[in-house]
Amino acid sequence: MKGGGGGRLAQQAAAPLRLESRRFRLLSIVVGCFVFCLVFLLSSRPDATAFDTVSVSPRASFAGARRPAAVKTLRTGVSAGFGGDFHVDIRHQEQGESRGQLRQSVEQSAGDKTDTEWVRDTVIVEERSEAAEPEDAERDRDANVAAASNSDDQAAPGAENKAVHDVASTTTAQPAAETTATTPRRPEEKARAAGGQIQSKLQEEQPARQQQEERHEPARSVGGDHQQQQPRPPLCDFSDFRSDICDLAGDVRLDANASAFVVVDPSATGDANQSHKIRPYPRKGDETCMSRITELTVRSAAGTAAAPPRCTAEHAAPAVAFSIGGYTGNIFHDFSDVLVPLYNTAHRYGGDVHLVMANVASWWLVKYDRLLRSLSRHPPLDLAAAAAAGEVHCFRNATVSLRAHKELIIERDRSADGLATPDFTRFVRRALSLPRDAPTRLVVPGTGSSKRPRLLVISRHRTRLLLNLAAVVRAAEEAGFEAVVNESDVGNDFSEVGKLINSCDAMVGVHGAGLTNMVFLPPGGVLVQIVPWGGLQWMARADYGDPAEAMGLRYVQYEVGVGESTLKDKFPPGHQIFTNPTGLHKKGFAFIRHTLMDGQDITVDVGRFREVLLQVRNSLAQ
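Per an unreviewed UniProt entry, the protein is named Glycosyltransferase 61 catalytic domain-containing protein, and its organism is Urochloa decumbens. If you open the UniProt record of the protein and go to Pathway (unreviewed entry), you find "Glycan metabolism." Taken from UniProt, the Subcellular location (unreviewed entry) comment for the protein reads in full: "Golgi apparatus membrane".

As structure tokens, then:
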């Protein structure tokens, strides 16, 4: 009995212990499940791990997890190869430095572009902050934070543009289902998307980009390491029918030994070099003439590929380079080919210009010294002499060759400085101190007396001779003129010839270089040109008739007949030279010059010519 009672007491004491053991196991299971769930929830958020709790409180970490995401909406152009919107979720700057570094590299690449326009083919058109769904925000953050960190790793110094390219590549490489499954659009965006009216800023900029390309402005390269360099303007203009012109600016060096003008441009690349050959004389197309002209090289020295010539003399004043070879020595070509174009080219500098001359003849410089000194206060620079001395002259500006228009004419609408032919003749009168700028007043007011106008007769002594010169002088005196005879010659003193002709009111001569002396006549004077037989009216008009009128003179053209020409003694009657002389012009200028110009002398019909002289006298009286 006793033993049985003790066993029951032991069983009654052990029952509560078993109950407490079952409760402990149940509590352990519950606690374990709670801990497991808590660990699972915490481990499912990458920005709320146990490591964050070391420096950030649980409340702050939880608030950061719910912070609205910054959303970038990217749109692609046609050139990208696909269309549609791509949303990139980039963390706020306080969550890391990757977004700040990426934005800095993109802004450096885009230059003056705004935050909403980073590249051309992939353009960020919107930056907004929305309360994203927790699951979507956390899922997208994993992929896009990795993309941003990859860009930061590749944005090394000197590779800012490449970082932009990497961002675009990383974003567009994602499947469409992943890139478009981000935060929903705002209502107004959905309405625009539904209507198909959304246009990217790239499309809005297209007209501006086209205008930029038409102006040849450098365009930014997309994802490239450098920008396209703007093409350099050409050094020379070859469009003019009389001369090729090179206008040079910057570091211009005249290497006299190489007969070369070198424009040094260290900022240009080596492939931007230019090189041209120029003969600085305005008879372009005349091979005979241009073969006598020294050829100059005009080139650019870009980069550091070839060391430019070192300066031996530096000049603040610009340079004008030209040749006095060719046909110079003939007064017509002296003026038409050199002096008139030189005035048109160098007048703008007001005398502060260096005249660089090729094919120099000392007698030519002496003859036209007063005109050259009026154009430049610096001594002429002889290219050949500078080459012999090994000189390199450096300028800030230089013009190679001369701006020539028509024979002895400066056309105001073509002149860079608005000059015209009367400006040149005025310049000549001032340079030579010629006093008269108007013809003689034939009637003296208040006295009733009259003066005889002076008529200069140009006498040639080699070709196209005026055989009855004495008869012409008598006819002029009978018409009321004071006749003066002058034999124009290259050796005549230039200033003295100028004073003689300036003292006259009218000038008569057979077609030829002597008529160039009309530049000394006072404005309002008269030029009478005797045109030889042979259909030469067009040449006479172009060489002297049009220039005379451009100078402000009155022009009269006297055309000789067959009976006034010595050609009647050289060719039989009925020859083509009498019946159709212009048909012979197809044989070329050499035939015209030899046969029709230098091959005849003239005996004018004095009776017919007297009528012309009376007409000139009356025009001067008016």
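Draft legend 1. Representation of the state of the cysteines in the model. Evaluation of the coordinates by the stated rule reveals two disulfides. The side chain of C236 participates in a disulfide bridge whose partner is C246; the two sulfur atoms lie 1.9 Å from each other. Judged by the sign of its S-S torsion, about 100 degrees, the bond between C236 and C246 is right-handed. One end of the pair, C236, is in strand β4 (residues 236-237); the other, C246, is in strand β5 (residues 245-255), and 10 residues separate them in sequence.

Draft legend 2. Looking closely at the packing of helix α11 (residues 331-346) against helix α15 (residues 421-431). Remark: α11 packs on α15, axes separated minimally by 10 Å, with the N-to-C direction vectors making an angle of 95 degrees. Here α15 runs roughly perpendicular to α11, going by the angle between their axes. Side by side, α11 and α15 meet where F335, L339, V340 and Y343 of the first sit next to D423, F424 and F427 of the second. Taken together, the residues of the contact of α11 with α15 break down into six nonpolar, no polar and one charged.

Draft legend 3. Molecular detail of the pairing of strand β6 (residues 260-265). Burial analysis of β6 places five of its six residues in the buried class, the great majority of the element. Bridging between β5 and β6 involves five bridges; their strand directions are antiparallel. Residue pairing for β6: V252 is matched across the bridge by V263. Of the strand pairs in this sheet, β6 and strand β8 (residues 296-302) are connected by six bridges, and their pairing is parallel. Each bridged residue has a counterpart across the sheet, and for F261 the counterpart in β8 is V298.

Draft legend 4. The side chain of H315, seen in detail. If you trace the backbone, H315 turns up in the loop between β9 (313-314) and β10 (319-323). Within polar-contact distance, the side chain of H315 engages the side chain of H393 at 2.8 Å.

Draft legend 5. Layout of the nonpolar core. Ranked by internal contacts, the top residues of the largest apolar core, which has 54 residues, are F322, F335, L342, F424, M507, M518 and F520. In terms of residues, this core owes the most to one element, α11, which gives nine residues. Contacts of L342, omitting those with residues within four sequence positions, involve V320, F322, H347, L355, L372, L375 and L402. By size, the runner-up hydrophobic cluster in this structure holds 40 residues, among which are A475, I530, Y558 and F591.

Draft legend 6. View of the environment of R452. Take R452: it is sitting in the loop between α15 and β14 (454-458). A C-alpha to C-alpha distance of 9.2 Å links R452 and R617, two positions 165 residues apart in sequence. With sequence-adjacent residues up to four places away left out, R452 is seen in contact with L442, E477, G480, F481 and E482. A polar atom in the side chain of R452 sits 3.4 Å from the backbone oxygen of E477. Engagement of the side chain of R452 in a polar contact is seen with the backbone oxygen of F481, the distance being 2.5 Å.

Draft legend 7. Geometry of the layout of surface pockets. Here the largest pocket is characterised by a volume of approximately 1300 Å³. Lining the largest pocket are 48 residues, with N330, F332, H333, A513 and R593 positioned closest to its centre. Where the lining of the largest pocket is concerned, the elements lending two or more residues are α11, α17 (494-502), α18 (537-550) and α20 (589-597). In terms of residue count, the dominant contributor to the lining of the largest pocket is α18 (six residues). Across the lining of the largest pocket, the residue classes break down as 17 nonpolar, 15 polar and 16 charged.

Draft legend 8. Summary view of a nonpolar patch on the surface. A cluster of nonpolar side chains, namely L27, V31, F34, V35, L38, V39 and L42, defines an oily patch on the protein surface of about 640 Å² accessible area. The residue F34 is located in helix α1 (residues 2-43) in this model. Taking relative accessible area as the criterion, F34 reaches 56% and is therefore assigned exposed.

Draft legend 9. Molecular detail of the packing of aromatic side chains. For the coordinates displayed, the defined rule picks out 11 aromatic pairs. Ring centres 4.9 Å apart and planes at 50 degrees place the aromatic pair W364 and Y368 in the tilted group. Owing to a relative accessible area of 0%, Y368 belongs among the buried residues under this scheme. Every member of this aromatic cluster is reached through a ring pair, and the members are F335, Y343, W364, Y368, F424, F427, F494 and F520.

Rules and cut-offs
- Residues numbered from 1 in each chain as written.
- Predicted model: local features only at pLDDT ≥ 70, side-chain atom pairs only at ≥ 80, totals over all residues.
- Heavy atoms only, no water.
- UniProt positions renumbered as here; feature names shortened; annotations may be inferred.
- Disulfide = S-S within 2.5 Å.
- Helix = DSSP H or I, 4+ residues; strand = E, 2+ residues; numbered from the N terminus.
- Axes fitted to C-alpha atoms, helices over the stretch in contact; angles between N-to-C directions.
- Parallel < 35°, antiparallel > 145°, perpendicular 65-115°, else oblique.
- Contact = heavy atoms within 4.5 Å.
- Nonpolar A, V, L, I, M, F, W, Y, C, P; charged D, E, K, R; others polar.
- Buried < 20%, exposed > 50% of the residue type's maximum accessible area, 1.4 Å probe, protein only.
- Pairing = 2+ DSSP bridges.
- Polar contact = N/O pair within 3.5 Å; in protein donor to acceptor, adjacent residues only side chain to side chain.
- Core = buried A, V, L, I, M, F, W, Y, C linked by side-chain atoms within 4.5 Å.
- 1 Å grid on protein atoms, 1.4 Å probe; cavity = no way out; pocket = protein on both sides within 12 Å on 5 of 7 lines; lining within 4 Å.
- Points joined across faces, edges and corners; volume = space filled by probe spheres on them.
- Patch = residues over 30% accessible without salt bridge, like charges linked within 9 Å, V, L, I, M, F, W, Y side chains within 5 Å.
- Areas by Shrake-Rupley, 256 points an atom, 1.4 Å probe, with all protein chains shown as cover.
- Salt bridge = Lys/Arg side-chain N within 4 Å of Asp/Glu carboxyl O.
- Phe/Tyr/Trp six-rings, centres within 6.5 Å; stacked < 30°, edge-to-face > 60°.

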